[in-house]
Amino acid sequence: MDWLLVITLFLAFFYLGLTIALSLFPAPSALAESSKLRVAVLIAMRNEENFIGDCLAALEKQTYPAGLYDVFVLNDGSTDRSPMIAEQFVRQNSNFHVLHIKENYADLRGKMNVLAQGLQKIDHPLVLITDADCVVSPSWIERMTRYFSPEVGMVGGFTSLFPFGKLNIRQPEHSFFARIQALDWAYLQAMAALNSNAGKPISILGNNFAFRLEAYRQVGGFERIGFSVTEDFALMEAIRKQTHWKIIHTIDPLNAVYSHPLPDIKSFFQQRLRWIAGGKKMRPWGYFVTLFSAVTHLTTLIALFFNFTYWAVWLAPIFLMAADFFVLFAALKKLNLRQLLKYFPGFEMFYFFYLIVFSVLSAAPLKVEWKGRRHS
């Protein structure tokens, strides 16, 4: 047994052990009752005429009292019919509002710019963020508010790329690639939740999270944070570093949302480059988890290439797959989406490939394109 094989088996076994260790930390629990605080829901919208109607219809049917929440659609220079669709909801619902954002503010751009300007208009104690192409669960607002115990300043919710519960989604994507993306998102969010449970939050998803307005103002808002292509992560890091507020992640169908998967590999590639560019300022623990995972998968592939006829080398991918399956099974069970596990082998092959590719690209200066705009 050569040194490469020994190192590979050690790393793979440690990978499995680390996953199990993280799972031992307790997940956050929802409060028995909501505090019934006023809530502002902010939606950044840019050319989403195919989806904004479903998004707003779901927000119109919330279990939270209509008098306690306002929905603000932040129109980011849309050139399609999406502003007109949003305006129709405003006419029918007094707690729905459309703000047309036409200029950049404080050197901010894109989604961060419109959110910053929207946040200047509100005084609601709690702020919930989702995207115009998402459909929230009926209990989304109610359930989100129940996770704000006195010490919590930010809550991350789960986003599924596969329909769950009884959501009214007119055209869900059913392709094989859509299923693989659904597993990929589930895995990444489950790992983020495990790290958060251990007191080490490393990421948050911008289409399903919430925060106290007080915490946002404590860090000086997006104006002080400065521009980032991942405004959600930038805000999370500012709150983590500069305040006493606790940050939690939840895997709960009652505050989960559905988002449409990306249509092709090119879109997936652009999305992940954006995540990489924004995540370069993550905490050391985040770098360790990411780098350790990439190195373990890379050494496993190299060891298989040179020792594929030796039985012991196959223990390494077995350890890795066991760890990933363990994480996915626990998360998908909570959402009643275990049917996605039949696509697990395809996800593993895809994950092996893109993890290594993007780990290499992360060392290069990146220019990303998103929503028709290029950012560096």
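Our structure's up above, just so we're on the same page.
Since this is a predicted model, take the numbers as computed values, not measurements.

Draft legend 1. Representation of the nonpolar core within the structure. Counting residues in each nonpolar core, the largest one holds 94 residues, and the members touching the most others are V41, L56, L59, V71, W140 and L328. Here the element with the most residues in this core is helix α6 (residues 176–197); it accounts for eleven residues. Leaving out residues up to four positions away in the same chain, W140 has contacts with V41, L59, Q62, L128, I129, T130, N208, L254, N255, A256 and V257. Of all hydrophobic cores here, the second largest spans 33 residues; its members include I129, F222, A238 and M282.

Draft legend 2. Representation of the packing of helix α1 (residues 3–23) against helix α11 (residues 284–307). Interhelical geometry of α1 versus α11 gives an angle of 140° and a closest axis separation of 9 Å. Viewed along their axes, α1 and α11 adopt a mutual orientation that is oblique. Viewed along their axes, α1 and α11 form a crossing whose handedness is left-handed. On α11, the residues touching L4, T8, L11, A12, F14, Y15 and L18 of α1 are W285, F288, F292, S293, V295, T296, H297, T299, T300, I302, A303 and F306. Residue classes in the contact of α1 with α11 are distributed as 13 nonpolar, six polar and no charged.

Draft legend 3. Molecular detail of the pairing of strand β1 (residues 39–45). Most of β1 sits inside the fold, with seven of its seven residues counted as buried. Burial along β1 is two-sided: V39, V41, I43 and M45 and A40, L42 and A44, pointing in opposite directions, are all buried. Sheet topology note: the β1/strand β4 (residues 126–131) ladder contains six bridges and is parallel. Bridge pairing in β4 links I43 to T130.

Draft legend 4. Expanded view of the sheet that holds strand β2 (residues 69–76). Across the sheet, seven strands lie side by side as β3-β2-β1-β4-β8-β6-β9; this open sheet has mixed pairing. Whereas interior strands pair on both sides, the edge strands pair on one side only; in this sheet they are β3 (96–101) and β9 (246–249). Direction aside, neighbouring strands of the sheet carry axes that sit 20° apart on average. Relative to β2, β1 runs parallel, the two being bridged by seven bridges. Within the sheet, the bridge partner assigned to I43 lies in β2 and is V73. Those strands touched by helix α3 (residues 82–92) are β1, β2 and β3, and its axis lies near 150° from that of β3.

Rules behind the numbers
Residues numbered from 1 in each chain as written. Predicted model: local features only at pLDDT ≥ 70, side-chain atom pairs only at ≥ 80, totals over all residues. Heavy atoms only, no water. Core = buried A, V, L, I, M, F, W, Y, C linked by side-chain atoms within 4.5 Å. Buried < 20%, exposed > 50% of the residue type's maximum accessible area, 1.4 Å probe, protein only. Helix = DSSP H or I, 4+ residues; strand = E, 2+ residues; numbered from the N terminus. Contact = heavy atoms within 4.5 Å. Axes fitted to C-alpha atoms, helices over the stretch in contact; angles between N-to-C directions. Parallel < 35°, antiparallel > 145°, perpendicular 65-115°, else oblique. Left-handed = near helix turned anticlockwise from the far one by under 90°. Nonpolar A, V, L, I, M, F, W, Y, C, P; charged D, E, K, R; others polar. Pairing = 2+ DSSP bridges.

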